[in-house]
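# Summary of structural features
Here is what each chain is made of, one letter per residue.
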Amino acid sequence: MFEGIPDPVCNNPSGRGKILIGIVAIVVAAGVLRLLVFTPEYVPWVISGGKLQIHARFIWSQDYPVCDLQTSEAQIVELNRDPEWLPGKKIFGVNAPNYDAGDFYLRNGKEVELALAKESVAVILPREGKVPVMIGVTDAAAFLSALRAACPSSPRS
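First things first, this report covers the structure right here in the doc. (Residues numbered from 1 in each chain as written. Predicted model: local features only at pLDDT ≥ 70, side-chain atom pairs only at ≥ 80, totals over all residues. Heavy atoms only, no water.)

## Structural notes on the environment of Lys-51
Checked against the element boundaries, Lys-51 lands in strand 2 (residues 51–56). Placed 13 residues apart in sequence, Lys-51 and Tyr-64 show a C-alpha to C-alpha distance of 5.3 Å. Ignoring anything within four residues of it in the chain, the contact list for Lys-51 reads Val-46, Asp-63, Tyr-64, Pro-65 and Val-66. (Helix = DSSP H or I, 4+ residues; strand = E, 2+ residues; numbered from the N terminus. Contact = heavy atoms within 4.5 Å.)

## Re the environment of Leu-69
Along the chain, Leu-69 turns up in the loop between strand 3 (60–65) and strand 4 (75–78). Distance in space between the C-alpha atoms of Leu-69 and Ile-124 is 9.7 Å, their sequence separation being 55 residues. Discounting residues that sit within four places of it in the chain, Leu-69 has contacts with Leu-52, Tyr-64, Leu-125, Pro-126, Arg-127, Val-133 and Leu-147.

## Considerations on the packing of aromatic side chains
Under the definition given, this model contains one aromatic pair. Ring geometry for Trp-45 and Phe-143: centres 4.8 Å apart, planes at 80°, overall edge-to-face. Here the residue Trp-45 occupies a position in strand 1 (residues 45–48), and Phe-143 occupies one in helix 2 (residues 140–150), the gap between them amounting to 98 residues. Since its relative accessible area comes to 30%, Trp-45 is described here as partly exposed. (Phe/Tyr/Trp six-rings, centres within 6.5 Å; stacked < 30°, edge-to-face > 60°. Buried < 20%, exposed > 50% of the residue type's maximum accessible area, 1.4 Å probe, protein only.)

## Things to note about the state of the cysteines
For the structure on display, the rule yields one disulfide. A disulfide bridge connects Cys-67 with Cys-151, and the sulfur atoms are separated by 1.9 Å. Handedness here is read from the sign of the S-S torsion; for Cys-67 and Cys-151, about 120°, the answer is right-handed. Taken together, the residues Cys-67 in the loop between strand 3 and strand 4 and Cys-151 in the segment after helix 2 connect sequence positions 84 residues apart. Judged by its relative accessible area of 3%, Cys-151 is buried. (Disulfide = S-S within 2.5 Å.)

## With respect to the nonpolar core
Residues Leu-52, Tyr-99, Ile-135, Phe-143 and Leu-147 are the most contacted members of the largest nonpolar core, which totals 23 residues. Elements supplying a minimum of two residues to this core: strand 2, strand 5 (87–96), strand 6 (99–106), strand 8 (121–127), strand 9 (130–137) and helix 2. Among the elements that line this core, the one with the most residues is helix 2, at four residues. Filtering out sequence-adjacent residues up to four positions away, Ile-135 remains in contact with Val-43, Leu-52, Ile-54, Ala-115, Val-121, Ala-122, Val-123 and Phe-143. Of all hydrophobic cores here, the second largest spans eleven residues; its members include Leu-106, Leu-116, Ala-122 and Ile-124. (Core = buried A, V, L, I, M, F, W, Y, C linked by side-chain atoms within 4.5 Å.)

## Side note on the pattern of salt bridges
Counting across every chain of the model gives two salt bridges. A salt bridge links Arg-81 to Glu-78; its shortest N-O distance comes to 3.1 Å. With a relative accessible area of 64%, Arg-81 lands in the exposed category. Where Arg-127 meets Glu-113, a salt bridge forms, and the shortest distance between an N and an O atom there is 2.9 Å. With a gap of 14 residues between them, Arg-127 in strand 8 and Glu-113 in strand 7 (residues 111–116) connect regions that are remote in the sequence. The class for Arg-127 is buried, based on a relative accessible area of 12%. (Salt bridge = Lys/Arg side-chain N within 4 Å of Asp/Glu carboxyl O.)

## Examining the sheet that holds strand 6
The pairing of strands in a sheet happens through backbone hydrogen bonds and is either parallel or antiparallel. Reading across from one edge, 4-8-9-7-6-5 is the order of the six strands in this open sheet, with mixed pairing throughout. Only two strands of the sheet have a single neighbouring strand rather than two, namely strand 4 and strand 5. Adjacent strand axes in the sheet meet at a mean angle of 25° when their direction is disregarded. The pairing of strand 4 with strand 8 spans four bridges and is classified as antiparallel. Paired with Ile-76 across the two strands is Val-123, which belongs to strand 8. Contacts between helix 2 and the sheet are confined to strand 4, strand 8 and strand 9, with strand 8 contributing the most and set at about 30° to the helix. (Pairing = 2+ DSSP bridges. Axes fitted to C-alpha atoms, helices over the stretch in contact; angles between N-to-C directions.)

What follows is the structure, given as structure tokens:
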């Protein structure tokens, strides 16, 4: 009676396909969670051992010898008023939601080593023979004062 009816073909993905989809979903979710949980709200800087240290959890870390930063030539930029100083093209680094760190070209074409979160003020610090460092700060005066105190004998401060 049912001899001429073929067996139905299963259109469900194979077991391997389901596993692969699951692994990809876990990797994507872990990446998004990492960015959301570990992205700092502000640039976490500290001066210790003669270095300006920026350690943004697991996302980006960089140390700069304080006496290599030319604090006397520092430029304070209000990013809300001067959007040409905002990050443009990333050369190398991290471009996470509300946090950019690494080597960047700014919108004005200048190259900097950048650490910027949600701050609306940044300090640009020239360095001899290297690209400037641009750091987002909440209090530019306090930041520059701390740098100058860490290297008082520098002729460039």
